[in-house]
Each structure stands twice: as C-alpha cells, then as structure tokens.
Amino acid sequence: MKFQDLIDNREESAKRARQRVSTVCNTFENRKSGSEQEAQTSAFLKDQLQNVCEVKQEFFDVYPEAYSGVFYIVPTFALLATVAYFFTAMVSLALALVGIVVLVVQFLTNSHALDLLYPKKQSSNLTAVLPCKRQAEKRVYFVANVDATREWTLKYRMGGTMFIATLFCLLGGLLYLAVANVARWVIVGGLGSQIATGSMLIVGYVSLAFVPFYIATYFAINKSKVVSGANENMSGCALSIELLQSIKDSGVELDHTEVGVILTGSGAVGACGAREWCQKHSDEDKAKTAFVCLNTLKEVDSLGVNTREGNGIVKNDVALADFVGSCAQDVEVPFKKRKLPFGHTDSAEFSKRGFSSVSVTGYNPHTPEYLHTRYDTVDNVSEPCLANAFAICVSIVEKLDE
C-alpha cells in the first residue's frame, strides 16, 4: 500500500478517528487540566500509541486555576479602581495599572507569570515517533492537547461576540481610568488625593458605564462545568493517532523522515503542555523538525492553516504554512491561509521558542458557538472535515519524505 491508498481511504480513517473521539468523550468526562480524568485519558491514548511505536510520557507541574483566575482578579481591581477614583487618583491609578498588567501578561500574552499563586496539579505529555528505515533527515510532529476546557458561560449564554466585547470593555475601562487618573493628577495636583469635583467628577461618572462589563466578567467561566471537548481538541488527538496507526498498518516505509505525535496535557489552560515540551526538548534539531498542530477539526469550509495566532501576537512559520497549503492543494482539499485573531493553539508556544510550527484548524475564527461551550459534543464531530485533514497530513508526510 502506498501513500495514495491512504489518501483514497480517508473516509475509513475518519470513521475510526471519530470512534476514538466518541470513546474518550463517553468514557472520560470532565477531563480538565490536572484532573484524574485527564490522566486517565492520557493513559488510554498512550496504550493506543504503544501499538504503533515507543511512547515517552513526561510529567510536569501545572497551575490550571491561574488561567481562569484572571476573570476574577482583573474585574476586582477594575471595580476598586472605579470607586477609588472619586477619592484619590493615586490609588485608583495604581489599581488600574495592576489590572491592565495582569490582563495583558497572564491572559493576552499567556506568560504564566502568576501561576505560582495558585494550587499545583500534575499533567503530562506523550511523545511517540515512528522511525524511518534510513538516517533521519527530517522529522514532523503532529500535535494536539488531550484536556478539555471549562465552559465559557458568557459565550454560551450571549454568544462569542459578547464575550469578546466584554473583554475589550474590561481592558478599555481600565485604560480609561488610567488616563483619567493621570489627567486628574496633573490638573488637581497633590497626588490627586482630593475628592473629585467639577469636570473630574463628570469623568468619573462616565467610568461607571464600564461597571456592567466588569461584573459580567465574573460570570465568564463556569468553574463547575467542563465541556466534552469532542472537537476541541479530541478531534486533533484522534486524527494524530489515526495517522500514525495507518502509516504503520499500511506497510509504507518512510525513507528519511520520522513522523511523530505529541499529545500535550493542559493545553486548554494556556498551552502549558507545549510550553513544558519545549523546555524539556530544547536540544531538538530545529533545522530538521516541523510541528503541525491540529485543533478543532470541525468545519470543512473553514479548514486552513494559521500564520499568526496567540491573540494575533505570535507569528507562525509562513514557509511551513505555504508548504502545508501546497499539500492540501495536491489532495484537492479546499484550504485557507489566514491569521487567527483570537485564541491560540499549541503552535504559539512552539513558534515563540523558535521552532518551525503552524496550526491547522477547522473552525471559523470568529468564535463559533460550540467552541468552549457544552455544544462541543460527539454529535458535532464532522467526519468529512476529519477525512480532509487526514488527507492533508498524509500528503505532508509524503512530500517531506520525497
């Protein structure tokens, strides 16, 4: 059997991948970061990978509450800064600046600076590599995360646009307070410790318009509800395993390209697994290694490669993105090349650390209703999208080995 046979049989591979998604989601519910269910899921997937090749499991510490903690810390500082404005500009400015720093550093740039303030849990990464018959000149990893996220309740109740608008208003309100306090400090003098009066009082009244958004932020995430995560991101895990298994079962011998799978833990709380993998594998040969991160393979019409992500901050490898796009063209799969304006995948962590990496996703970047909500169930898994993504992955391996 040759690579073309694998591509021609993509529908069968998609069925097996979907069945694997169903098995995991129905067996291991509530697999949030650092939980026993996440550990059980990793153990289950490890057994499947061991049928193909040797698997290495690496454990690491994780602080999952830090990712959602920003939705409680930042609005608290914003509310306190609003109240303090009417009495002392100095205190209000300090509170607003702290809120801005926490929101930008901990959430927007995903720096994990406040992790140690939260309870420690344990997670793990799985790495499996299918060897080639000659000396390895290239290696490609297909990457996905095994954990599922807590439900983004504000998005579930009011839609993705409202969720994003709330975060923008949270940041905007803090910036407004910071500027207003500086202006008041300059105009009033004396560190702005006087009670606001006149025009400065009117400016304070305007800041109250942001208060409903501060309060809404407290309800952004439901800490007691973990979504099924069938699409995000068990679809990526299942397809990665299916790819490795299909290549092994087909008898295709890779000449000089190693194909690997990395299943990261705690990806839904800031790509923690990918970050830990990069730290433990800093000696990986960057010149010959590429990472293709598979995430939320749901919509056929939205299947594409992302050249920028991490809330638009992180740049992925454009040359690798072009290569993946050419592979999609070779197997006649509709494919897009785009920027991911909100959110991130594991690829952001690999790219930030100098690895050649891109992400392949199958969802509309403009916050689909199922992403991070209870609608992300097995019933919503798309075999046609899985089939197309599988064909692209096979084409990537084939072209690299040529």
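Here the structure is shown first, and the text comes after it.
Calculation criteria
- Here the residue index of a chain counts from 1 through its sequence in written order.
- The predicted origin of the model limits local features to residues at a pLDDT of at least 70 and limits the giving and counting of side-chain atom pairs to 80 or more, whereas totals for whole chains, interfaces and linings rest on all residues.
- Side-chain measures were taken over the full set of non-hydrogen atoms in the model, leaving aside hydrogen atoms and water.
- Note on aromatic contacts: the rings of Phe and Tyr and the six-membered ring of Trp form a pair at centre separations within 6.5 Å, being stacked when their planes are under 30 degrees apart, edge-to-face when over 60 apart, and tilted otherwise.
- Numbering of helices and strands runs from the N terminus; a helix is a DSSP stretch of H or I covering at least four residues, while a strand is a stretch of E covering at least two.
- Only protein chains enter the accessibility calculation, which uses a 1.4 Å probe. A residue is then buried if its area is under 20% of the maximum for its type, exposed if over 50%, and partly exposed in between.
- In plain words, nonpolar cores are sets of buried Ala, Val, Leu, Ile, Met, Phe, Trp, Tyr and Cys residues tied together by side-chain atoms within 4.5 Å.
- What makes two residues a contact is simply this: any of their non-hydrogen atoms within 4.5 Å.
- Here, a salt bridge means any side-chain nitrogen of Lys or Arg that lies within 4 Å of a carboxyl oxygen of Asp or Glu.
- In this description, a line fitted to the C-alpha atoms serves as the axis of each element, helices being fitted only across the stretch in contact, and the angle between N-to-C directions of two axes falls anywhere from 0 to 180 degrees.
- Oblique is the label for every angle not falling under 35 degrees (roughly parallel), over 145 degrees (roughly antiparallel), or within 65 to 115 degrees (roughly perpendicular).
- Each crossing gets its handedness from the near helix: less than a right angle anticlockwise from the far helix is left-handed, clockwise is right-handed.
- Polar here means any residue other than Ala, Val, Leu, Ile, Met, Phe, Trp, Tyr, Cys and Pro, which are nonpolar, and Asp, Glu, Lys and Arg, which are charged; Gly is therefore polar.
- Pairing between two strands requires that DSSP report at least two bridges joining them.
- Exposure above 30% relative accessible area and the lack of any salt bridge qualify a residue for a patch; like charges then connect within 9 Å, and the nonpolar side chains Val, Leu, Ile, Met, Phe, Trp and Tyr within 5 Å.
- Note on areas: these come from Shrake-Rupley sampling with a 1.4 Å probe, and a residue is covered only by the protein chains present in the view.

(A) Up close: the packing of aromatic side chains. Under the definition given, this model contains 18 aromatic pairs. Each ring, one from Phe-71 and one from Phe-163, has its centre 6.3 Å from the other, and the planes form 50°; the classification is tilted. Linking Phe-71 in helix α4 (residues 65-85) with Phe-163 in helix α7 (residues 160-188), this pair joins segments that are 92 residues apart in sequence. Pair check on accessibility: Phe-71 and Phe-163 agree, each one buried. An aromatic cluster of three or more residues is present, and its members are Tyr-67, Phe-71, Phe-107, Trp-152 and Phe-163.

(B) Examining the nonpolar core more closely. With 66 residues, the main nonpolar core has Leu-45, Phe-142, Leu-244, Leu-263 and Ile-396 as its most contacted residues. When residues no more than four places from it in sequence are discounted, the contact partners of Ile-396 are Val-140, Phe-142, Val-292, Phe-323, Val-324 and Cys-327. Counting residues in hydrophobic clusters, the runner-up holds 37 residues, among them Ala-78, Ala-81, Met-200 and Val-269.

(C) Focus on the pattern of salt bridges. Here the structure, examined in full by the defined rule, presents 17 salt bridges. Of the charged contacts in the structure, one is a salt bridge between Arg-275 and Asp-115, with a shortest N-O distance of 3.7 Å. In this pair, Arg-275 is assigned in helix α11 (residues 272-280) and Asp-115 in the loop between α5 (89-108) and β2 (121-130), connecting sequence segments 160 residues apart. For Arg-275, a relative accessible area of 16% puts it in the buried group. A residue is classified by how much of its surface remains accessible, and Asp-115, at 7% relative accessible area, is buried. One network of salt bridges, with partners in common, ties together Arg-16, Arg-20 and Glu-242.

(D) Quick look at the packing of helix α2 (residues 10-27) against helix α10 (residues 230-250). The geometry of α2 relative to α10 is characterised by a closest axis approach of 8 Å and an angle of 130° between their N-to-C directions. By the angle between their directions, the pair α2 and α10 is classed as oblique. In this structure, the crossing between α2 and α10 has a hand that is right-handed. Residues Ser-13, Arg-16, Ala-17, Arg-20, Val-21, Val-24 and Cys-25 of α2 form the contact with α10, whose own contacting residues are Ala-230, Met-234, Ser-235, Ala-238, Leu-239, Ile-241, Glu-242 and Ser-246. For the contact of α2 with α10, the class distribution of residues is nine nonpolar, three polar and three charged.

(E) Representation of the environment of Glu-12. Among the secondary structure elements, Glu-12 is positioned in helix α2. In this structure Glu-12 comes out as partly exposed when scored by relative accessible area, which is 41%. C-alpha separation for the pair Glu-12 and Glu-383, spaced 371 residues apart in sequence, amounts to 9.3 Å.

(F) Quick peek at the pairing of strand β6 (residues 257-264). Of all eight residues making up β6, eight are buried, and the element is well covered by its neighbours. One ladder, built from five bridges, connects β2 with β6; its direction is antiparallel. Each residue of the ladder has a partner; that of Ala-128, found in β6, is Val-261. Of the strand pairs in this sheet, strand β3 (residues 138-145) and β6 are connected by eight bridges, and their pairing is parallel. Pairing of Val-140 across the sheet is with Val-259, part of β6.

(G) The arrangement of the packing of helix α3 (residues 36-50) against α10 in detail. For the pair α3 and α10, interaxial distance at closest approach is 10 Å and the crossing angle is 20°. Between α3 and α10, the crossing angle belongs to the class labelled roughly parallel. Considering only the axes of α3 and α10, their crossing is right-handed. Each of Thr-41, Leu-45, Gln-48 and Leu-49 in α3 lies in contact with α10, whose residues at this interface are Met-234, Cys-237, Ile-241, Leu-244 and Gln-245. Partitioned by chemical class, the residues of the contact of α3 with α10 number six nonpolar, three polar and no charged.

(H) Molecular detail of a nonpolar patch on the surface. A contiguous nonpolar surface patch, about 600 Å² in accessible area, is contributed by Met-90, Val-91, Val-182, Trp-185, Val-186, Ile-187 and Val-188. When contributions to the nonpolar patch are tallied by element, the ones reaching two or more residues are α5 and α7. It is α7 that contributes the most residues to the nonpolar patch, five residues altogether. By the element assignment, Val-91 lies in helix α5.

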